[in-house]
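For reference, the chains in residue letters:
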Amino acid sequence: VYPLSGLLYCGDCRSSMARKPMTIGGQTYQYYICGGHKRDAAQCSTHTVRAGELERAVLDGINFHIRSVSELREALEAVSQRPSQKLEVSKLTRRMDTLQKELESARETKDSLYRRYAMGEVELEDFQQFKRVFEKDCQKAEQAIAAHRAQLDAILNSGDPASPWIKYFERFGRVEELTRAIAVKFIEQVNVFEGGRLEITFRYQEEYEMARQFLAIHRQSQSQLLKEAV
């Protein structure tokens, strides 16, 4: 089992990358090529990349990501030590407030429909048709509110510099060799694009992106506070 077995995919056709030897000038090298191209040359291009170069690039990517996580943790610590500069949650929930108003409006319209039907102002067939429409609107608004609240909670919770996922990366320090054990501990998937560009999806990628989003929102909020102070 090679270090990146089962983790490499073509970035264009999403096929697994296949490892194969190539002999050049009497010397044999190991390469990765697109599995889709190997099965059918018309399906995709080769995406040929030398195994050693690819593995070194992935190793560099891992160490760069570890440094990024450490820098992220330092930034989160700086934010957590400034209680006077807390996030303005009301600004983050502006979209949720809009959705809540839409939900209340749909509910009020539905209640009004019931009253008009009870008073004989609306026929049964019309009442049933409009009722289905308003119930669907209410359901959509409730789902959107729940999804937005969950996303907001995830962003706010990601601001903890002592999060387990941060410790998970930092405990490795610098990685000197790309072994199979290291690869599966750090990486979910590597996409190889034509021309050699790599796209690495690390473990805890979502938590990492949420933490970056938390910092971006915080900086935006503080910038706005400074403008208002001036």
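What you see is a predicted model, and the numbers here were worked out from it, not measured in a lab.

Draft legend 1. Main features of the overall build of the protein. Regarding its fold elements, the protein presents eight helices and six strands. Secondary structure elements of the protein, listed N to C terminal, follow the sequence β-β-β-α-β-α-α-α-α-α-α-β-β-α. Relative to its 230 residues, the protein shows a buried fraction of 37%. Restricting to contacts in the protein with at least 6 residues of sequence separation, those with at least 24 account for 63%.

Draft legend 2. Representation of the sheet that holds strand E6 (residues 198-202) within the structure. Strand order in the open sheet made by the three strands is E1-E5-E6, with mixed pairing throughout. With partners counted over all chains shown, the strands left at the sheet margins are strand E1 (8-10) and E6, one partner each. Neighbour-to-neighbour, the strand axes of this sheet turn through a mean angle of 25 degrees, independent of strand direction. Across the sheet, helix H2 (residues 51-80) touches E1, strand E5 (187-192) and E6, and the angle it forms with E6 is around 50 degrees.

Draft legend 3. Representation of the packing of aromatic side chains in the model. In the structure shown here, the tally under the stated rule is seven aromatic pairs. When the centroid spacing of 5.6 Å and the interplanar angle of 45 degrees are considered together, the rings of Phe169 and Phe186 count as tilted. In this pair, Phe169 is assigned in helix H6 (residues 164-170) and Phe186 in helix H7 (residues 180-186), connecting sequence segments 17 residues apart. Like Phe169, the residue Phe186 is buried in the burial classification. Three or more aromatic residues link up through ring pairs in this structure, and these residues are Tyr168, Phe169, Phe172, Phe186 and Tyr204. Residue placement shows Arg197 over the ring face of Phe193; its charged tip is 4.0 Å from the ring centre.

Draft legend 4. Fine view of the pairing of E6. Alignment of E5 against E6, held across five bridges, turns out to be antiparallel. The partner of Gln189 across the bridge, within E6, is Thr201. The turn linking E5 back onto E6 is made up of five residues, and Gly195 within it adopts a positive phi angle of 100 degrees.

Draft legend 5. The arrangement of the sheet that holds strand E4 (residues 49-50) in detail. Taken together, three strands build an open sheet; the order of strands is E2-E3-E4 and the sheet is antiparallel. In the strand order of this sheet, the two ends are held by strand E2 (17-24) and E4, each with one partner. Relative to E4, strand E3 (residues 27-34) runs antiparallel, the two sharing two bridges. In the strand pairing of E4, Tyr31 is matched with Arg50.

Draft legend 6. The environment of Phe127, seen in detail. Relative to the assigned elements, Phe127 resides in helix H5 (residues 124-157). Distance in space between the C-alpha atoms of Phe127 and Tyr117 is 6.6 Å, their sequence separation being 10 residues.

Draft legend 7. Inspection of unusual backbone geometry at higher detail. Here Arg14, not a glycine, exhibits a phi torsion of approximately 70 degrees, which is positive. Within the fold, Arg14 resides in the loop between E1 and E2. Positive phi outside glycine occurs at Tyr204, with the angle close to 60 degrees. In this structure, Tyr204 sits in the loop between E6 and helix H8 (205-229). Given the relative accessible area of 35%, Tyr204 is considered partly exposed.

Basis of the calculations
Residues numbered from 1 in each chain as written. Predicted model: local features only at pLDDT ≥ 70, side-chain atom pairs only at ≥ 80, totals over all residues. Heavy atoms only, no water. Helix = DSSP H or I, 4+ residues; strand = E, 2+ residues; numbered from the N terminus. Buried < 20%, exposed > 50% of the residue type's maximum accessible area, 1.4 Å probe, protein only. Contact = heavy atoms within 4.5 Å. Pairing = 2+ DSSP bridges. Axes fitted to C-alpha atoms, helices over the stretch in contact; angles between N-to-C directions. Phe/Tyr/Trp six-rings, centres within 6.5 Å; stacked < 30°, edge-to-face > 60°. Lys NZ or Arg CZ within 6 Å of the ring centre and 35° of its normal.

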